[in-house]
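Structure assessment
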Amino acid sequence: MATTMRPSTLETLGLGTVLDIFEKGQLPADSSDLVDRVFGEPGNRGSLVISGANGIVGAGKTMQLGSRLQPFGVPIIALDFPGVPDGIGRQYQGLVSAFGREGANRIMESIVQLSYDGTHLPSRLKDANPRFLLEAIPEILDIKKSHYDIFRAEFPDIQIRSVTSGFPMSQLGVGIAHPAFPHEINKIWEVVESKPSSITQLFWALGLIPIPVSDHWSFVLDVLFCGLTLTGLRYHRATNMPFWKMDKHIRKLLGPNPFRAHDAIGAKGANFLTWSCLFHLSKHYGDLFTPTPELDERKESGQNWYPPNHFRPLVNWTMQADGEEEFNAWILGPMFQMAGLMLHENRAHLSHINIIGELCAQFRRGILAVIRDFGPEAANDIVKKYHALHPAAAKSAWHPDAFEQMESTSWRQLYVNAEHNGNVGVITLGRESYNSDVNAELNRAIDWLKSEGIERVIVTGDFHLSTQMVGADTSDFFPALEDQSKGLEIAQTWSKTARRLNDEFKISVGFVNGKRCLGGMLELLMHCHYLVAAEGADLGMPEVTLPVVPGMEGCHWPFRKADSKHWPKLVTLLLDGNPVKAKDAIGWLVDYAGPMDASLKTVWKIATDGDHGLALRKVEVGVLKGVPTNVTGLESAGDPGMESARKTILENISSSCEAALPEALVIQATHSAGFMSSQYCRKGAIGAAFTKTTTV
């Protein structure tokens, strides 16, 4: 039985723990078996019906689910009113881009479009043997209920899920599968059901990310996103600041552009959905959520928040310090209060509440991570300042005790979890990019395992929230663009954490379980004694393309573990920025790559001293001689920033490899920090993001 720092998010899906996966040597759910359970066995395969299929949500989910279910022979019935615009047809080019024309055509062949009048189902539907209805019709409760009645009368055993943005299951009478925008590519589904179902587990097995939430109005995502929009509207009413300017300040503070997002989604529909969520929330929780007159007006008119040819270049000003403090109270105060409400109601696993804002609403850091930085007293003070500005919000839905448990493990480990069976520990990373939060939590996870007497550890993604590892969160580098010491601190601190995986365990195994592992995440895992990957995973060091210089020991650590004949491959990996398949990196970057089940079994054999047959690639602690300073066949950089980064990376490789291991950490960190503060980095992708974020 596993001992855990905190409950894993995988358990909320009824799929056990990550430790179970390694012990059993297989994933906890099989897509083929679950397709049979939901749609029936081959030869008697039923269909998925998506109603409202030509709308934004319906068309997006028709593509997303259709592409995943097509290999299993599941027909997709796209149901909508006659004469509505062809939303499905507009998705075709996206399918071509993702799957090629032949693949796109196969997917489209599995989609049958049928029309109905809203009161009678088409007679042809019976031939399709509907087994699962995904309802994506307008947010009008009576119409939705009538829709379900029609289907149940015809198909009594059909399973139904609603994509509703706000109505709870208790009102609808069906389970919820609320998807995040953009609907074609975002894998997040907020799920409301009495217990984990085969449908939810099938979504997980198909590579989607179902997140169980409780049966409360507007779930988690729309409380955060619609709530953030409302905070901007209230500030607009207080100051008359234009919406585009508020977007800039909100982006600098938290990350999203809520008003621009409404226009990008389509203001007519998005305005109504935001109004609907806030209106119903206000009926249950009071003035914290009451829509403003501006939103009341736009939910009727569908007007954009950014009018065409608006005169924003002529209207500009800089917020003074006292104005910034008031702005923070207007924005953070209600957001903290809303988060406190969701905590009070136990709406979801804390890691779920936190990550939903990042994965779905473009928060740079989850709202709970932001609150955690403030601490309970300061967080409550922010809310009190907001109540002084908007006293009506203090009358209900305020739970100051919600932050009292901030020292609990669930609060302290929002992104990183650890578990063990008394012999082997598993550290799971539940965030796709590495940042200072992850670094601090990883250190706490290592400390906890060591305190539990664990000397063998597996480090991997969490098999749920992080379907890939994309590298470092470059927003953490923003301070280093203007202050080299900040970059040096990051590179040294993160590298010291990574070294703990090599220095403080008898055996450590890094496992790449997702579709890619890049940059800082790859640098982290290569510090483990062994590195194993699913054979189809992409591994790469794309820093040179940003440009930035690796600062987590990528310029010397892999050389110290590889035979000298492989050093040119590592130099190429660093200088061209292109990934390699894990199966092509065996022996010089990874120790084993194979099918998922075989890889899981190999990881477990290594961690338990089983007969794995792999030689340990030891780290050379002394000076490396003969590391190549150039490689042939590189494409021209075509950009002075990338060219400069290549030069600095080569200098970093040379100087850090020609030093002994203890000195190399500071040497490579110094090169990385120096380049981050250079003009080339400031003019590159990171500098552009920094300017866009901070220039208001």
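Rules behind the numbers
- Residues numbered from 1 in each chain as written.
- Predicted model: local features only at pLDDT ≥ 70, side-chain atom pairs only at ≥ 80, totals over all residues.
- Heavy atoms only, no water.
- Phe/Tyr/Trp six-rings, centres within 6.5 Å; stacked < 30°, edge-to-face > 60°.
- Helix = DSSP H or I, 4+ residues; strand = E, 2+ residues; numbered from the N terminus.
- Buried < 20%, exposed > 50% of the residue type's maximum accessible area, 1.4 Å probe, protein only.
- Core = buried A, V, L, I, M, F, W, Y, C linked by side-chain atoms within 4.5 Å.
- Pairing = 2+ DSSP bridges.
- Axes fitted to C-alpha atoms, helices over the stretch in contact; angles between N-to-C directions.
- Contact = heavy atoms within 4.5 Å.
- Disulfide = S-S within 2.5 Å.

The next thing to look at is the packing of aromatic side chains. Across all of its chains, the model carries 20 aromatic pairs by this definition. Between the aromatic rings of phenylalanine 22 and phenylalanine 463, the centroid separation amounts to 6.0 Å while the plane-to-plane angle is 85°, which identifies the pairing as edge-to-face. Taken together, the positions of phenylalanine 22 in helix 1 (residues 18-24) and phenylalanine 463 in the loop between strand 13 (456-461) and strand 14 (471-472) put the pair 441 residues apart, joining distant regions of the chain. When the centroid spacing of 6.1 Å and the interplanar angle of 40° are considered together, the rings of phenylalanine 477 and tryptophan 494 count as tilted. With phenylalanine 477 in the loop between strand 14 and helix 19 (478-482) and tryptophan 494 in helix 20 (residues 484-503), the pair connects residues that are 17 residues apart, well separated along the chain. In terms of burial, phenylalanine 477 and tryptophan 494 fall into one category: buried. Site record: aromatic cluster; members linked through ring pairs are Phe22, Phe463 and Phe511.

A separate point is unusual backbone geometry. Negative phi is the rule for most residues except glycine; trans is the rule for most peptide bonds. For the bond running from phenylalanine 181 to proline 182, omega is 0°, close enough to zero to count as cis. On the secondary structure map, proline 182 appears in the loop between strand 7 (175-179) and strand 8 (188-192). Here the residue pair leucine 546 and proline 547 is connected by a cis peptide bond, since its omega of -10° sits within 30 degrees of zero. Along the chain, proline 547 turns up in the loop between strand 18 (538-540) and helix 22 (557-561). For phenylalanine 463, which is not glycine, the phi torsion reads 60° and is therefore positive. According to the relative accessible area criterion, phenylalanine 463 is buried, its value standing at 8%. Even without being a glycine, glutamate 553 presents a positive backbone phi close to 80°. Relative to the helices and strands, glutamate 553 resides in the loop between strand 18 and helix 22.

Turning next to the nonpolar core. Counting 170 residues, the largest nonpolar core has Phe336, Leu368, Ile371, Phe403, Ile427, Phe559 and Ile653 as its most contacted members. In terms of residue count, the dominant contributor to this core is helix 13 (residues 321-344) (11 residues). In terms of nonpolar packing, the next biggest core, distinct from the first, is built from 56 residues, Leu13, Leu34, Ala177 and Val532 among them.

The eight strands lie next to each other as 4-3-2-5-6-7-8-9, forming an open sheet whose pairing is mixed. Each edge of the open sheet carries a strand with a single partner, namely strand 4 (111-115) and strand 9 (209-212). If you compare each strand with its neighbour and ignore which way they point, the axes differ by 25° on average. Of the strand pairs in this sheet, strand 2 (residues 47-51) and strand 3 (residues 76-80) are connected by four bridges, and their pairing is parallel. Of the residues in strand 3, the one forming a bridge with leucine 48 is isoleucine 76. Docked against the sheet, helix 5 (residues 141-154) engages strand 2, strand 3, strand 5 (130-135) and strand 6 (159-162), running at close to 175° with respect to strand 5.

Per the counting criterion, the structure on display carries zero disulfides. Cysteine 517 takes part in no disulfide bond, and the closest cysteine sulfur, belonging to cysteine 528, lies 10 Å away. When its relative accessible area of 0% is taken as the criterion, cysteine 517 is described as buried.

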